[in-house]
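Fold and contact review
Residues per chain are reported as follows:
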Amino acid sequence: MTTAGTGRDHNAPARGNPRGTAGRVAVVQRQARSTLVLAAGFAVAAAAALLVPHHTGAWLPLHLFLVGTLLLAISAATQLFAVTWAAGPPPSDRAAAVQRWSLALGAALLAVARDLHWPRGVLGVGGVSVLVALVLLGISLRLIVAGGVQRRFDEAAHAYLAALASGFIGCALGIAMAIGLDSPMYARVRAAHLTFNLLGLVGLVIAGTLPFFAATQARVKMASRASPRAQRVVLSGLATSLGATAVGFLVGSSTVATFGLGGYAVFVIGIAALMPPIRMKQLRWAGPRLLQLGAGVSWWAGSAITLAWQARHGGGVFTPTVVAVLVVGGYAQILASAVAYLGPVLRAGGHQRLTAGFRTTRSWFGLGAANVAAVAFVVGAPGIAVVAIVLWVVDTAGRAALLLRTAR
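Keep in mind that what you see is a predicted model, and the values were worked out from it rather than measured.

So, how was this worked out
- Residues numbered from 1 in each chain as written.
- Predicted model: local features only at pLDDT ≥ 70, side-chain atom pairs only at ≥ 80, totals over all residues.
- Heavy atoms only, no water.
- Helix = DSSP H or I, 4+ residues; strand = E, 2+ residues; numbered from the N terminus.
- Rg over C-alpha atoms; globule rule 2.2 N^0.38 Å.
- pLDDT = per-residue confidence, 0-100.
- Contact = heavy atoms within 4.5 Å.
- Salt bridge = Lys/Arg side-chain N within 4 Å of Asp/Glu carboxyl O.
- Buried < 20%, exposed > 50% of the residue type's maximum accessible area, 1.4 Å probe, protein only.
- Core = buried A, V, L, I, M, F, W, Y, C linked by side-chain atoms within 4.5 Å.
- Phe/Tyr/Trp six-rings, centres within 6.5 Å; stacked < 30°, edge-to-face > 60°.
- Lys NZ or Arg CZ within 6 Å of the ring centre and 35° of its normal.
- Axes fitted to C-alpha atoms, helices over the stretch in contact; angles between N-to-C directions.
- Parallel < 35°, antiparallel > 145°, perpendicular 65-115°, else oblique.
- Left-handed = near helix turned anticlockwise from the far one by under 90°.
- Nonpolar A, V, L, I, M, F, W, Y, C, P; charged D, E, K, R; others polar.

Structural notes on the overall build of the protein chain
Tallying secondary structure elements over the protein chain gives 14 helices and zero strands in all. Listing the helices and strands of the protein chain from first to last along the sequence gives α-α-α-α-α-α-α-α-α-α-α-α-α-α. Here the C-alpha radius of gyration of the protein chain, 20 Å, is about what a compact globule of 408 residues would show, namely 22 Å. Along the three orthogonal principal directions, the C-alpha set of the protein chain runs to about 60 × 45 × 40 Å.

Describing the confidence of the model for the protein chain
Predicted confidence across the protein chain gives a mean pLDDT of 90, with 93% of residues reaching 70 or more. When mean pLDDT is compared element by element in the protein chain, helix α13 (residues 364-378) scores highest at 97, while helix α9 (residues 280-286) scores lowest at 87. Ignoring residues within four places in sequence, the model shows residues 1-19, a span with pLDDT below 50, making 41 contacts including any to other chains.

A few points about the pattern of salt bridges
Under the definition given, this model contains four salt bridges. A salt bridge links D93 to R30; its shortest N-O distance comes to 2.5 Å. In this pair, D93 is assigned in helix α3 (residues 93-115) and R30 in helix α1 (residues 20-49), connecting sequence segments 63 residues apart. Residue D154 is joined to R151 by a salt bridge in which the shortest nitrogen-to-oxygen separation is 2.9 Å. Judged by relative accessible area, which is 16%, D154 ranks as buried. Judged by relative accessible area, which is 44%, R151 ranks as partly exposed.

Some points on the environment of L116
Within the secondary structure, L116 is located in the loop between α3 and α4 (120-146). Residue L116 is classed as partly exposed on the basis of its relative accessible area of 46%.

Focus: the nonpolar core
If you look at the biggest cluster of nonpolar residues, it comprises 118 residues, and the most contacted ones within it are L198, L199, L238, Y264, W300, F318 and Y331. Of the residues forming this core, the biggest block, 18 residues, is contributed by helix α2 (residues 59-86). Listed in part, the six residues of the second largest apolar core include L173, M177, F196 and A246.

Observations regarding the packing of aromatic side chains
Inspection of the entire model under this criterion finds 11 aromatic pairs. Between W85 and F212 the ring centres are 5.2 Å apart and the planes differ by 40°, which places this aromatic pair in the tilted class. With W85 in helix α2 and F212 in helix α6 (residues 183-218), this residue pair connects regions lying 127 residues apart in the sequence. Each of the two residues, W85 as well as F212, counts as buried. Ring pairing ties together the aromatic residues F81, W85, F153, F212, F213, W285, Y341 and F358, which thus form one cluster. Here the basic side chain of R289 rests over the ring of W285, its NZ or CZ set 5.3 Å away from the ring centre. A cation over a ring is seen here: R289 above F358, with NZ or CZ 4.7 Å from the ring centre.

Examining the packing of helix α5 (residues 154-178) against α6
Where α5 meets α6, the closest approach of the two axes is 8 Å, and the angle between their N-to-C directions is 160°. If you check the angle between α5 and α6, you find them roughly antiparallel. As for the relative orientation of α5 and α6, their crossing is left-handed in sense. The class makeup of the residues in the contact of α5 with α6 is 18 nonpolar, nine polar and one charged.

Here you go:
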């Protein structure tokens with residue numbers, strides 16, 4: 001039997017941990033809280049970078065959010081889900097802290113060094129720090145799952161490890177670009193870098209999580225069609241499509257890249273088939289959290305289709321508009337939906353406090369602001385998009401502050 005919101009199996013034996021399942025979950029929840037607070041700081045910095053003059057344009061807020069906020073959130077969530085869903089042992093506090101700060105310092109160093117035109121070697125150090133954090137996260141996840149007693153979540157773990165491998169390659173390509181890649185190959189490597197990081201690292205984590213987390217959000221059982229075999233088919237299709245896309249970009253073949261991106265879009269849409277049916281009862285319970293999750297997946301799929309179209313017709317892929325829509329409309333909304341659920345769960349304190357926390361993070365305003373921003377990018381109104389993003393961050397920060405205050 002599992003508990004909604006944690007996935008804990010109370011009948012599972014507590015292997016290798018005398019404190020039992022509850023003790024393991026408490027440890028990983030404490031670690032996740034620390035990591036998510038740090039991620040929130042990068043989100044505020046990314047929003048500030050939209051308003052404060054600097055030298056690197058859209059690059060700075062995007063990398064503060066993607067490398068700082070999103071990867072820190074992935075670090076927290078994947079380890080939390082692995083421990084609770086697989087009933088495995090959490091990492092030690094020291095290991096969790098080293099991974100967390102390696103990633104945070106790497107993200108900060110990359111942002112500051114590039115904007116202030118520091119030597120390229122400093123950029124390389126920042127990039128290596130991020131790579132170390134990805135490796136440490138992979139080792140942590142592997143140990144958690146290997147020591148777990150539940151095997152039904154292995155497919156999610158495989159997706160996480162594949163995502164980290166993709167991110168490692170993408171970050172390595174990013175370091176090569178930062179320290180002085182020859183210009184004839186720069187555009188090709190940039191496209192492969194974005195493929196591995198944006199579509200691979202982030203996308204595969206989401207793909208591996210959604211069948212489980214959508215059910216948790218809605219407080220329903222997982223869809224019967226989301227079998228391990230079906231998950232393997234979707235995840236293998238995504239990974240194969242990513243490989244074809246990256247190869248196509250690197251060898252300069254628009255046909256191969258188009259084929260890869262088209263396949264990726266198809267399998268992103270296929271993820272929706274693995275999620276449980278949502279009815280009015282679930283919408284009344286979760287409201288904007290579920291709608292924001294669905295909207296994020298829709299923007300993600302739409303961006304993938306657009307990328308395939310761009311590759312087919314030439315003229316450049318990963319244009320600023322598509323990247324902005326994918327990040328803000330897609331990934332940021334999926335993250336916001338997840339945090340709106342995980343925030344009250346991590347605060348803990350019993351059923352009543354959990355329900356009150358869900359009311360606190362229930363933001364129709366945030367749902368509206370996020371989608372206004374995404375639409376504004378589509379129609380070429382970046383000023384409106386920036387205002388909507390800043391208001392969204394302010395609203396989210398206010399709700400988080402209220403949650404933290406009541407936690408004390």
